[in-house]
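If you want the building blocks of each chain, they are given just below.
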Amino acid sequence: TDEASEKRTTTMTATDAQPLLTALDLNHKVSQRAKSTPTSCWRVVSSEPELLSLLSDLKANFGTCGYLPGLYEYIVPGTNRLDLKKSIEHGLVLAFDGSSVVSASTKQEGSDCGNDESYNDGNGERAILAFTIDKRISSLKSRWVCSIVATSHSAFETALWYACHSSEVG
């Protein structure tokens, strides 16, 4: 109701930071598949050349734009993107390989959900998730931007859930 929503808004303080899906009360809209995707399906992108290679692969094989969306711009690794460089250095750029999500449930606990070979096999769903700080943002409580490139709605949903709920994303 409007009254309950207003009460939540007026009682919230700056220390009550919440994940986006929780703050908007949208957790119930995310599929069970996205919620149950193992964190082992994600890996850290460790360099700008690796990120460029992954973006090129998504563009060539899956029809994505080949760039990370940003605030009124594309985010592309380069000398003028210190924000992205810092994010890579701190493990805040990740790649999702959904090609073995289905078979992951039949694997033994502790096994990986994918690896470099399955990432590049052209099958399955893929996503890249990047957290960057945009110093131009001044009207929000946070300057963090979450950028997602995904090959499908399901991969996007998985990335969004991971960004909002993973304990590995600090």
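Structural data are supplied above this passage.
Heads up: these notes are all about the structure in this document. Nothing here was measured: the structure is a model prediction, and the numbers come from that model.

Some details on the overall build of the protein
Working step 1: Along the protein, the regular secondary structure elements total eight helices and six strands.
Working step 2: Sequence-ordered secondary structure for the protein, helices as α and strands as β, is α-α-α-β-α-β-β-α-β-α-α-β-β-α.
Working step 3: Looking at the protein as a whole, 36% of its 170 residues are labelled buried.
Working step 4: Long-range pairs, those at least 24 residues apart, make up 64% of the contacts in the protein between residues at least 6 apart in sequence.

A closer look at the nonpolar core
Working step 1: Val45, Leu51, Leu55, Leu68, Leu84, Val93 and Ile128 are the most contacted members of the largest nonpolar core, which has 14 residues in total.
Working step 2: Every element with two or more residues in this core is listed here: helix 4 (48–62), helix 5 (82–89), strand 4 (93–97) and strand 5 (126–133).
Working step 3: Looking at which element gives the most residues to this core, the answer is helix 4, with four residues.
Working step 4: When residues no more than four places from it in sequence are discounted, the contact partners of Leu55 are Gly66, Tyr67, Leu68, Ile128 and Val149.
Working step 5: Ranked by size, the runner-up nonpolar core spans 13 residues in total, among them Cys41, Leu92, Leu129 and Ile148.

What to know about the layout of surface pockets
Gaps left between atoms are located by rolling a probe of water-molecule size over the structure's atoms.
Working step 1: In this structure, the second largest pocket encloses a volume near 330 Å³.
Working step 2: Contributions of two or more residues to the lining of the second largest pocket are made by helix 5, strand 5 and strand 6 (144–150).
Working step 3: Counting residues per element, the lining of the second largest pocket draws most heavily on helix 5, which supplies four residues.
Working step 4: Looking at the lining of the second largest pocket residue by residue, the class counts come to seven nonpolar, four polar and seven charged.

Some remarks on the state of the cysteines
Working step 1: On inspection of all chains with the given rule, the structure shows zero disulfides.
Working step 2: Cysteine Cys146 remains unbridged, with the sulfur of Cys164 as its closest cysteine sulfur at 7.1 Å.

Side note on the environment of Thr37
Working step 1: Position of Thr37 relative to the elements: it lies in the loop between helix 3 (32–35) and strand 1 (42–44).
Working step 2: Taking relative accessible area as the criterion, Thr37 reaches 12% and is therefore assigned buried.
Working step 3: Remark: the alpha-carbon pair of Thr37 and Trp161, spanning 124 residues in sequence, is separated by 9.4 Å.
Working step 4: A distance of 2.8 Å separates a polar atom in the side chain of Thr37 from the backbone oxygen of Arg33.

About the thresholds
- Residues numbered from 1 in each chain as written.
- Predicted model: local features only at pLDDT ≥ 70, side-chain atom pairs only at ≥ 80, totals over all residues.
- Heavy atoms only, no water.
- Helix = DSSP H or I, 4+ residues; strand = E, 2+ residues; numbered from the N terminus.
- Buried < 20%, exposed > 50% of the residue type's maximum accessible area, 1.4 Å probe, protein only.
- Contact = heavy atoms within 4.5 Å.
- Core = buried A, V, L, I, M, F, W, Y, C linked by side-chain atoms within 4.5 Å.
- 1 Å grid on protein atoms, 1.4 Å probe; cavity = no way out; pocket = protein on both sides within 12 Å on 5 of 7 lines; lining within 4 Å.
- Points joined across faces, edges and corners; volume = space filled by probe spheres on them.
- Nonpolar A, V, L, I, M, F, W, Y, C, P; charged D, E, K, R; others polar.
- Disulfide = S-S within 2.5 Å.
- Polar contact = N/O pair within 3.5 Å; in protein donor to acceptor, adjacent residues only side chain to side chain.

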